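An overview of the molecular structure
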Amino acid sequence: MYQIELYDHNRSPICDGVVRFFVDNLENFEKNWFPHNKSWDSEHEYNESVIRYLKSKAGEIVTDYYSDDPKLNIVQKKKVEIIAERSYVETDVTKNVYNVYRFPSTYHMDHITYYIRYVRNASDGELLKLCRYEIRGICYDGEESYWMGEDTSYYEKMGFEACRHLVNEKYLPVYHLYENGESVALYHPRYQYVSVFGNPFVNLSHNKGIYSDNLEDFKDTEASLYVWHIVKRFEDEDKLKNNVRHYRLGKYETQLLLMDFPGEAG
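In this text the structure is predicted, and so the values were computed from the model without any measurement.

The rules we used
- Residues numbered from 1 in each chain as written.
- Predicted model: local features only at pLDDT ≥ 70, side-chain atom pairs only at ≥ 80, totals over all residues.
- Heavy atoms only, no water.
- Pairing = 2+ DSSP bridges.
- Helix = DSSP H or I, 4+ residues; strand = E, 2+ residues; numbered from the N terminus.
- Salt bridge = Lys/Arg side-chain N within 4 Å of Asp/Glu carboxyl O.
- Buried < 20%, exposed > 50% of the residue type's maximum accessible area, 1.4 Å probe, protein only.
- Arc of directions from axis to C-beta.
- Contact = heavy atoms within 4.5 Å.
- Polar contact = N/O pair within 3.5 Å; in protein donor to acceptor, adjacent residues only side chain to side chain.
- Lys, Arg positive; Asp, Glu negative; His and termini not counted.

**Remarks on the pairing of strand S1 (residues 2-7)**
As paired elements, S1 and strand S3 (residues 75-77) share three bridges and run antiparallel to each other. Residue pairing for S3: Gln-3 is matched across the bridge by Gln-76. Sheet topology note: the S1/strand S2 (residues 18-23) ladder contains six bridges and is antiparallel. Residue Leu-6 lies in a different strand from S2, and its bridge partner there is Val-19.

Rendered as structure tokens:
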């Protein structure tokens, strides 16, 4: 597996803001991740994050930390032993998710499959619980989310031109924060002012882009996490084995996995 450490604007800016995750192969990761990192200028195809990633992949020591320690290199090939793998399904669930600022957003999901992998890092013996997911029938639940009030003047003064859709329906579609270089954040006058997936490591498909009071209208929308996020570390193998027996994600683990849903803004 490959370990990747990249700056993620949805993580805490007070700290280093770097997220560490694993992928099975770089080709698949690049196919999914590069399109979300197009450059804003005409001189480069991709933004600085991709440029730094490619330099690291080519053998340079490049980090997103305030350090040039080789152990923090963006791309690292790791010899990883897979100790156990598990999966389980949840259906017809509504989850309240908090971003890094503890700002809540609520999402309804018809079907979510969690894939769990327990691994040992051969280089240092680190024991980790990794997870990714596949979701079908997902939408943003405006009615259950934090009420922002109906006064839009603050956001208008702040120039939220991209938040251009005024809707009254209960359920909103989910979007990536940026698609093809354009912000697609959505404004909801009564509930929360954005309805986005901040996580650039999630694929979205079959999104009709509609607003509706009917959950059936979102049944074909899919979201899949194509990297392995770390949700737990273990002090020793006995604790790992005990967790394998009770492998379902706890509340804190679920929050770690899904916290990028709302994006930095929430």
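**Remarks on the pattern of salt bridges**
In this structure the tally under the stated criterion is 14 salt bridges. One salt bridge connects Glu-126 with Arg-20, and the closest N-O pair in it is separated by 2.6 Å. On the criterion of sequence distance, the pair formed by Glu-126 in the loop between strand S5 (104-121) and strand S6 (127-141) and Arg-20 in strand S2 is long-range, its members being 106 residues apart. The residues Glu-126 and Arg-20 share a single accessibility class, namely buried. In this structure, Glu-81 engages Arg-120 in a salt bridge whose closest nitrogen and oxygen atoms are separated by 2.3 Å. Note that Glu-81 is positioned in strand S4 (residues 80-98) and Arg-120 in strand S5, a separation of 39 residues in sequence. The network of salt bridges with shared partners includes Glu-81, Arg-120, Glu-237 and Lys-241.

**Remarks on helix H2 (residues 48-57)**
Turning to H2, its buried residues are Val-50, Tyr-53 and Ser-56. The arc that holds every buried residue of H2, seen down its axis, measures 125 degrees, which confines them to one face. Buried residues in H2 make contact with S1, helix H1 (26-33) and S3. Where H2 starts, the residue carrying a side-chain oxygen 3.1 Å from the main-chain nitrogen of Ser-49 turns out to be Asn-47. Phi turns positive one or two residues past the end of H2, at Gly-59, with a value near 120 degrees.

**Some details on unusual backbone geometry**
Phi at Asp-92 takes a positive value of approximately 50 degrees, unusual for a residue other than glycine. Tracing the backbone shows Asp-92 in strand S4.

**A few points about the side chain of Lys-78**
For Lys-78, the position within the fold is in the loop between S3 and S4. Buried charge without a partner: Lys-78 forms no salt bridge, and the closest opposite charge is Asp-124, 5.6 Å away. If sequence neighbours within four positions are ignored, Lys-78 has contacts with Met-1, Gln-3, Phe-22, Asn-121 and Ser-123.

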